[in-house]
Amino acid sequence: MSLALSLIVPREQALLAAALAPYFAEVAPDAAIDPTVRAGQMLNRKDVTAFWIRKDIQRIGFAIVLNLPDDRRELSEFCILPQHRRLGWGQQAARIILREFPGRWRMGLSKHSREAVAFWGTSLSAMPGIRDLREGAPFTEHQIKSYSFDIAGAHDD
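Summarised in this report is the structure supplied together with it. (Residues numbered from 1 in each chain as written. Predicted model: local features only at pLDDT ≥ 70, side-chain atom pairs only at ≥ 80, totals over all residues. Heavy atoms only, no water.)

1. So, helix α1 (residues 13-27)
Reasoning step 1: Its 15 residues give α1 an end-to-end C-alpha distance of 20 Å, which sits within 8% of 21 Å, the value for a rise of 1.5 Å per residue.
Reasoning step 2: Residue Leu20 marks the point of greatest curvature in α1, where the axis turns by about 25 degrees; the proline Pro22 follows within four residues.
Reasoning step 3: Buried residues of α1: Leu16, Ala17, Ala19, Leu20, Tyr23, Phe24 and Val27, and no others.
Reasoning step 4: Where α1 is buried, its residues touch α2 (35-43), β2 (48-55), β3 (58-68), β4 (72-80) and β5 (103-110). (Helix = DSSP H or I, 4+ residues; strand = E, 2+ residues; numbered from the N terminus. Expected span 1.5 Å × (residues − 1). Bend = angle between axes of the 7 residues up to and from the residue. Buried < 20%, exposed > 50% of the residue type's maximum accessible area, 1.4 Å probe, protein only. Contact = heavy atoms within 4.5 Å.)

2. Points about the packing of aromatic side chains
Reasoning step 1: Within this structure, the stated rule accounts for seven aromatic pairs.
Reasoning step 2: With 6.1 Å between their ring centres and 15 degrees between their planes, Phe78 and Phe119 make a pair best called stacked. Of this pair, Phe78 sits in strand β4 while Phe119 sits in helix α4 (residues 114-126), and the two are 41 residues apart along the sequence.
Reasoning step 3: A centroid spacing of 4.8 Å and a plane angle of 80 degrees characterise the contact between Phe119 and Trp120, whose relative ring orientation is edge-to-face.
Reasoning step 4: On the basis of relative accessibility, which here comes to 22%, the residue Phe119 falls in the partly exposed class.
Reasoning step 5: Cation over ring: Arg59 sits above Trp52, and NZ or CZ is 4.8 Å from the ring centre.
Reasoning step 6: Taking NZ or CZ as reference, Arg106 lies 4.4 Å from the ring centre of Phe139, over its face. (Phe/Tyr/Trp six-rings, centres within 6.5 Å; stacked < 30°, edge-to-face > 60°. Lys NZ or Arg CZ within 6 Å of the ring centre and 35° of its normal.)

3. So, the pairing of strand β6 (residues 130-136)
Reasoning step 1: Taken together, the five bridges between β6 and strand β7 (residues 143-151) define a ladder with antiparallel strand orientation. Following the sheet pairing, Gly136 is matched in β7 by Ser146.
Reasoning step 2: The antiparallel pairing of β6 with β7 creates a hairpin that spans six residues between the two strands. (Pairing = 2+ DSSP bridges.)

Quick look at the structure:
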């Protein structure tokens, strides 16, 4: 069984919204975020790349990458569906996504998800090619902290 990324296309907005609803309830339970509206925003912005995380043909999660100026990126959303967690798929998916887009990255971590904080703390510190890993202030009131780092390209290590 292998993991792969596939682009989420606008016609899959309802599928993405269905995946976003429990995700937002987990990571930002106090936020008034309409998953259908948010899915539409994500899929229709030119500076956003949205991926399904697939194990063989099954969707096991998603990732939303915000493409910033100067070859920088923000991992805006990242989710492995609960029934697929703690099996190593999240680390493998994170590695694939980050290696796909070498350069400067940042991400904020939800204050409502201790699991995400633990996952990213462990994953980023152990991931090959990560340089200049820094912990910083949260970007929003729903976050506890942020990370910024550089990731080497596939041939840069």
